[in-house]
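Residues per chain, in single letters:
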Amino acid sequence: MSSIEADILRDTPDATVPKRGRVRPAQLVLWALVLALCVVPFLLVVVISFGEKVEGAAWVFGFTGENYLRFFVGASWPETSTTLYLNRLYYSVYYAVIASLVAVLTAFPFTYFMTRMSRAAQSRWLVFLLATLSLSEVFIVMGWDILLSNRSGLPMVLREIGVTDWLKGNGGFDLLREWGMANPRDIKFKTSEFATVLTMSYLVWPYAVILLYPALSRLDQSTVEAARTMGAGPWRVVQTVVLPTVRLPLIGTLFLLFVFLLGTYVSVTVFAEPAKQTLAISVYESVRGSTLNAPFGAAQSVILLVTGGLCLWLGQVLVNKQEARA
Amino acid sequence: MKHLVTLFMGLAAFVIVLPILVVCASALNGGRSMLFPPQDPTLGRFAEFFISEPVWRDAMLNSVIIAFGSATLAVAVAWPMAYGVWKSGSAASKVLAGLGAMPFALPPIVFGVGLGFLWGFAGGLGDIWAGIVSHAVLFLALPVVTISIGLQSIDRAHLDAAATMGATERVILRTIIAPQMVPYTLSGFFFALVLSFNEFIVMFFVSASGYATVTLQIFNSLRNGFTPTMAVAAITFIVVSVVVFSLVARFGDLPRLMGADQSKT
């Protein structure tokens, strides 16, 4: 049908008037729903972060910067100052950066090979990945908790097959102790940064594959073959043909996973030592847990959001710069 | 090279399966503690989980109610949103869809805190219906995406043909669009269902200890250490996920839903 005919049809009064009348209220309801349920919760967090705590567990609306001041320099500033919460923010970012990097770097070759398989094989892999992706964090933590536990997990396996003794002999054990991954007698993974990052990257690994999958599966195989026939080695093909075409989705995936991991809760409570816990933990403590200071919890959430937003923005700037250069 | 690839894929699969396998095996433990390999294997834990222990039975029921309720609600809201974007393509409809996807894209703990405040004011904190609405909002993005993907695959020539033959928008929607959209709608529904089933942190904030889902119950028992009964819950959830996604793969085009290239079959 030509566009003129379409216009005529659209302008026919009896076809359009009742339709528009019908669509509008529904559209309004939809907007109201989305605003009330998707936007208002975030606005509430921002508004309440300026509120004040009152005696007991209650709080009132207000307009004070005290919660933010407390975050950056501590409640009793200027007499004393503390970097406790900045330290927590540092660990939030630190774990999230390393875990998302590990996930993307290992998921990339995996996804590449997967997209070279037959459609049926891809389907089977996707079912498998989606099943693990949807698996709750509590179950994943449970699994790694058993695997890394001192009694019946990897430390036991390493001891039984003699790796622990071997490491003690060549000095590797002292290195592990320095990294906080061994007690005087045994290798231990709980609690350690290693276990935290491992679980977190496991958590998002299937997401990384799913996010990289569209780009890699649309990669034109003929350009790869052309490069091969012209004598480029596999590594060179990846470097000069594959990577440049998927650079954007690669960076995009990295940032999405990073923002997602900023709020990880269960893995950190179980695997990170108390001194190295993250902002997500203290948000919980303030809102629901022991300290009960909702405005301060809200302020910490806002800082978490802003950190995520800043990182996304920085990533965008980085990408744009690279694009401009290319 | 070929062998290296196989080795790498195998290793990846092994690492993914390892913790799941360990959890599953632990469910067979006869005693109260989680040991691997299991000691004194028994299937008694399954009976405990599904039948004899009310804590777990209730938690399972809550999980099922919330998952089905929120997935249904999410699909019901996602349909007009995706349809609006596809039909009009207007900036307003795109903004609406973008706002709807926001809770899914941002750290869930922040959304959980916000919803906790919202239900505190609206009076739903600790009620199951608020939990259902919360999950529907959180996972709204999934059916929106699958339905949008489906709508894009509809041949516009068919719509034009129907319109020239005098079909109204409503008739076109019922006779041409709806039948083709069934697999995509169901896929969106199941994605939301499975993720709701497994979600933890948002439910943690909105339930306010008023009720417990299975994931909440497991986290609550975490301080006392893991028990084999909890592993039964894990097995149940894994089986549900695998079955659901296999169905999606069987009746829908999973690679396409995940954004694969269409020209290759």
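Placed above this text is the structure.
Definitions and limits used
- Residues numbered from 1 in each chain as written.
- Chains lettered and ligands numbered in written order.
- Predicted model: local features only at pLDDT ≥ 70, side-chain atom pairs only at ≥ 80, totals over all residues.
- Heavy atoms only, no water.
- Phe/Tyr/Trp six-rings, centres within 6.5 Å; stacked < 30°, edge-to-face > 60°.
- Helix = DSSP H or I, 4+ residues; strand = E, 2+ residues; numbered from the N terminus.
- Buried < 20%, exposed > 50% of the residue type's maximum accessible area, 1.4 Å probe, protein only.
- Patch = residues over 30% accessible without salt bridge, like charges linked within 9 Å, V, L, I, M, F, W, Y side chains within 5 Å.
- Areas by Shrake-Rupley, 256 points an atom, 1.4 Å probe, with all protein chains shown as cover.
- Salt bridge = Lys/Arg side-chain N within 4 Å of Asp/Glu carboxyl O.
- Contact = heavy atoms within 4.5 Å.
- Polar contact = N/O pair within 3.5 Å; in protein donor to acceptor, adjacent residues only side chain to side chain.
- Nonpolar A, V, L, I, M, F, W, Y, C, P; charged D, E, K, R; others polar.
- Core = buried A, V, L, I, M, F, W, Y, C linked by side-chain atoms within 4.5 Å.
- Axes fitted to C-alpha atoms, helices over the stretch in contact; angles between N-to-C directions.
- Parallel < 35°, antiparallel > 145°, perpendicular 65-115°, else oblique.
- Left-handed = near helix turned anticlockwise from the far one by under 90°.

Engineer: Tell me about the packing of aromatic side chains, and name the residues and values.
Structural biologist: All names here are of chain B. According to the stated counting rule, one finds 38 aromatic pairs over all chains in the structure shown. Taking the centre distance of 6.3 Å and the plane angle of 45° together, the rings of tryptophan 79 and tyrosine 83 count as tilted. With tryptophan 79 and tyrosine 83 both in helix H3 (residues 54-88), this residue pair falls four residues apart, about one helical turn. Using a relative accessible area of 12% as the deciding quantity, one classes tyrosine 83 as buried.

Engineer: How would you sum up a nonpolar patch on the surface? Please name residues and give values.
Structural biologist: Taken together, Val306, Leu310, Trp313, Leu314 and Val317 of chain A make up a surface patch of nonpolar side chains, about 480 Å² in accessible area. Secondary-structure assignment places tryptophan 313 of chain A in helix H15 (residues 294-325).

Engineer: Can you lay out the interface of chain A and chain B for me, pointing to particular residues and giving the numbers?
Structural biologist: How big an interface is tends to be expressed through the accessible area that disappears when the partners come together. Facing the 77 residues of chain A at the interface are 85 residues of chain B. Inspection of the chain A/chain B interface yields zero salt bridges. At the boundary of chain A and chain B, one finds two residue pairs in polar contact (both at pLDDT 80 or more). Sort the elements by how many residues they give to the side of chain A that touches chain B and helix H2 (residues 13-48) of chain A lands first, with 17 residues. For the side of chain A that touches chain B, a count of residues per class yields 59 nonpolar, 11 polar and seven charged.

Engineer: I'd like to hear about the nonpolar core, residue by residue, with values.
Structural biologist: Judged by nonpolar contacts, the single largest core of 191 residues is most densely connected at Tyr265 of chain A together with Ile177 of chain B. In this view, isoleucine 177 of chain B contacts Trp79, Tyr83, Trp86, Leu151, Ile154, Leu159 and Ile172 of chain B; residues no more than four positions away in its chain are not counted.

Engineer: Which residues make up the packing of helix H1 (residues 2-26) of chain B against helix H12 (residues 228-251) of chain B, and what are the values?
Structural biologist: Residue and element names in this part refer to chain B. At a minimum axis separation of 7 Å, H1 and H12 run at an interaxial angle of 125°. By the criterion of interaxial angle, the relationship of H1 to H12 is oblique. Regarding H1 and H12, the two cross each other, and that crossing is left-handed. Counting all contacts with H1, which are made through Ile20, Val23, Cys24 and Ser26, the residues of H12 involved are Pro228, Ala231, Ala234, Ile235 and Ile238. The residue inventory of the contact of H1 with H12, partitioned by class, reads eight nonpolar, one polar and no charged.

Engineer: Describe the pattern of salt bridges, naming the residues involved and giving the relevant values.
Structural biologist: Two side chains that carry opposite charge are able to pair once their charged atoms sit near each other. Residues and elements named next belong to chain A. For the coordinates displayed, the defined rule picks out two salt bridges over all chains. Arginine 88 is the partner of glutamate 285 in a salt bridge, and the nearest nitrogen-oxygen pair spans 4.0 Å. Linking glutamate 285 in helix H14 (residues 279-287) with arginine 88 in helix H4 (residues 84-115), this pair joins segments that are 197 residues apart in sequence. On the basis of relative accessible area, glutamate 285 is assigned to the partly exposed category, the value being 27%. Among the salt bridges present, the one from glutamate 193 reaches lysine 276, with a minimum N-O distance of 2.7 Å. In this pair, glutamate 193 is assigned in helix H10 (residues 193-217) and lysine 276 in the loop between helix H13 (266-271) and H14, connecting sequence segments 83 residues apart. With relative accessibility at 23%, the residue glutamate 193 sits in the partly exposed group. Classification of lysine 276 as partly exposed rests on a relative accessible area of 21%.

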